[in-house]
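Residue strings, one per chain:
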Amino acid sequence: MIRRPETQAIDGSAGPETPTADGRQGPASPRPETRAVRLRINGAAVSVEADPATPLLSVLRGPLGLMGTRFGCGANQCGACHVLLGDRAVAACDLPLWSVGDEAITTVEGLGTPERPHPLQSAFVAEQAMQCGYCVSGILISAAALLRRNPRPTEAEVRAALDRNLCRCGAHNRMVRAVLRAAQADAAA
Ligand code: FES
Ligand code: FES
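Residues numbered from 1 in each chain as written. Chains lettered and ligands numbered in written order. Predicted model: local features only at pLDDT ≥ 70, side-chain atom pairs only at ≥ 80, totals over all residues. Heavy atoms only, no water.

### Re the overall build of the protein chain
Here is step 1: Counting secondary structure elements, the protein chain contains five helices and five strands.
Here is step 2: Helices and strands in the protein chain line up, N terminus first, as β-β-α-β-β-β-α-α-α-α.
Here is step 3: The proportion of buried residues among the 189 residues of the protein chain is 43%.
Here is step 4: Taking as baseline every contact in the protein chain between residues at least 6 positions apart, the subset at least 24 positions apart corresponds to 56%.
Here is step 5: Surface exposure of the protein chain reaches about 10,300 Å², of which carbon and sulfur atoms provide 51%. (Helix = DSSP H or I, 4+ residues; strand = E, 2+ residues; numbered from the N terminus. Buried < 20%, exposed > 50% of the residue type's maximum accessible area, 1.4 Å probe, protein only. Contact = heavy atoms within 4.5 Å. Areas by Shrake-Rupley, 256 points an atom, 1.4 Å probe, with all protein chains shown as cover.)

As structure tokens, then:
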């Protein structure tokens with residue numbers, strides 16, 4: 001379920017005065033341009049007022065209130081912020097709004113619901129594949145991208161698809177089993 005964007009602008013500005021290194025107030029920093037940016041997220045059209053250079057992750061977790069997509073490294077290194085852009089898993093922390101265009105975005109909230117979970121979500125529960133859970137939304141998205149392009153992956157293919165996703169709890173083996181279980185469930189359905 002998408003919450004409609006509030007009017008709050010995302011402009012990344014530091015405010016009218018910026019403290020200098022010695023703590024005095026320096027000159028005002030230039031204020032980036034904001035404008036209405038249209039996005040298609042989890043099947044709904046939304047519009048946010050933002051600097052087009054803003055990373056998608058800031059808008060998801062900010063005005064759109066979609067907190068399932070995590071902030072980890074902020075540098076396209078950990079996979080915690082993965083979303084589907086079309087059928088590809090991409091790092092939302094490294095995806096400026098201007099580059100999204102009309103492509104459909106799917107966050108973990110758009111994969112399934114508590115009443116109708118995605119096969120991957122059911123399989124992760126069945127395999128108890130989460131520990132702290134922080135990395136899991138990004139891993140579900142990477143796995144969903146894999147199953148869209150390859151519905152019957154081998155274990156090696158699952159491991160390769162999750163290679164960009166870090167899990168500091170070390171739950172990778174259970175997650176790989178869960179992805180294989182979801183693929184089998186899908187094939188049997
Ligand atoms: S927060 Fe985006 S890849 Fe780590
Ligand atoms: S389950 Fe804790 S970081 Fe992956």
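### Notes on the sheet that holds strand S1 (residues 35–41)
Here is step 1: Here five strands make up an open sheet; going across it, the order is S2-S1-S5-S3-S4 and the pairing mixed. Every interior strand has two partners, whereas the edge strands, strand S2 (44–50) and strand S4 (88–91), have only one. In this sheet, adjacent strand axes meet at a mean angle of 45° when their direction is disregarded.
Here is step 2: Judged from the seven bridges that link them, S1 and S2 form a sheet pairing that is antiparallel. Paired with Leu39 across the two strands is Val46, which belongs to S2.
Here is step 3: The sheet strands contacting helix H3 (residues 136–149) are strand S3 (82–85), S4 and strand S5 (104–106), and the helix crosses S3 at an angle near 30°. (Pairing = 2+ DSSP bridges. Axes fitted to C-alpha atoms, helices over the stretch in contact; angles between N-to-C directions.)

### Some points on the packing of H3 against helix H5 (residues 172–188)
Here is step 1: Contact pair H3 / H5: the axes reach a minimum separation of 11 Å and the direction vectors enclose 40°. Accordingly, the angle class assigned to the pair H3 and H5 is oblique. The interaxial crossing formed by H3 with H5 has right-handed handedness. Within the contact between the two elements, H3 uses Val136, Ile139, Ala143, Leu146 and Leu147 and H5 uses Met175, Val179, Ala182 and Ala183.
Here is step 2: Residues that form the contact of H3 with H5 fall into these classes: nine nonpolar, no polar and no charged. (Parallel < 35°, antiparallel > 145°, perpendicular 65-115°, else oblique. Left-handed = near helix turned anticlockwise from the far one by under 90°. Nonpolar A, V, L, I, M, F, W, Y, C, P; charged D, E, K, R; others polar.)

### Observations regarding the packing of helix H2 (residues 119–126) against H5
Here is step 1: Running from amino to carboxyl end, H2 crosses H5 at an angle of 130°, the nearest separation of the two axes being 8 Å. Compared by their axis directions, H2 and H5 come out oblique. The way H2 lies across H5 gives a crossing that is right-handed. Between H2 and H5, the residues in contact are Pro119, Leu120, Ala123, Phe124 and Ala126 and Met175, Ala178, Val179, Arg181, Ala182 and Asp186, respectively.

### Side note on the layout of surface pockets
Here is step 1: Considered as a void within the structure, the largest pocket measures approximately 170 Å³ in volume.
Here is step 2: Forming the boundary of the largest pocket are Gly72, Cys73, Cys78, Ala80, Cys132, Tyr134, Cys135, Leu166, Cys167, Arg168 and Cys169. (1 Å grid on protein atoms, 1.4 Å probe; cavity = no way out; pocket = protein on both sides within 12 Å on 5 of 7 lines; lining within 4 Å. Points joined across faces, edges and corners; volume = space filled by probe spheres on them.)

### A short note on the side chain of Gln121
Here is step 1: Residue position: Gln121 is located in helix H2.
Here is step 2: The buried category is assigned to Gln121, whose relative accessible area is 18%.
Here is step 3: Leave out the neighbours within four places in its chain, and Gln121 touches Val108, Leu111, Gly112, Thr113 and Leu140.

### Some thoughts on unusual backbone geometry
Here is step 1: Unusually for a residue other than glycine, Asn42 sits at a positive phi of about 50°.
Here is step 2: By secondary structure assignment, the location of Asn42 is in the loop between S1 and S2.
Here is step 3: Residue Asn42 is classed as partly exposed on the basis of its relative accessible area of 24%.

### Comments concerning the pairing of S1
Within a regular strand, side chains alternate between the sheet's two faces.
Here is step 1: The hairpin turn running from S1 into S2, its antiparallel successor, is two residues long, and Asn42 in that turn takes a positive phi close to 50°.
Here is step 2: Here S1 runs beside S5; their pairing, made up of two bridges, is parallel. Bridge pairing links Arg40 to Ala104 in S5.

### Considering the pattern of salt bridges
Here is step 1: For the coordinates displayed, the defined rule picks out six salt bridges.
Here is step 2: Note that Asp87 and Arg148 form a salt bridge whose closest N and O atoms lie 2.8 Å from each other. Of this pair, Asp87 sits in the loop between S3 and S4 while Arg148 sits in helix H3, and the two are 61 residues apart along the sequence.
Here is step 3: Residue classification places Asp87 among the partly exposed positions, given a relative accessible area of 49%.
Here is step 4: You can call Arg148 partly exposed: its relative accessible area is 45%.
Here is step 5: Among the salt bridges present, the one from Glu103 reaches Arg88, with a minimum N-O distance of 3.1 Å. Here the residue Glu103 occupies a position in the loop between S4 and S5, and Arg88 occupies one in strand S4, the gap between them amounting to 15 residues. (Salt bridge = Lys/Arg side-chain N within 4 Å of Asp/Glu carboxyl O.)

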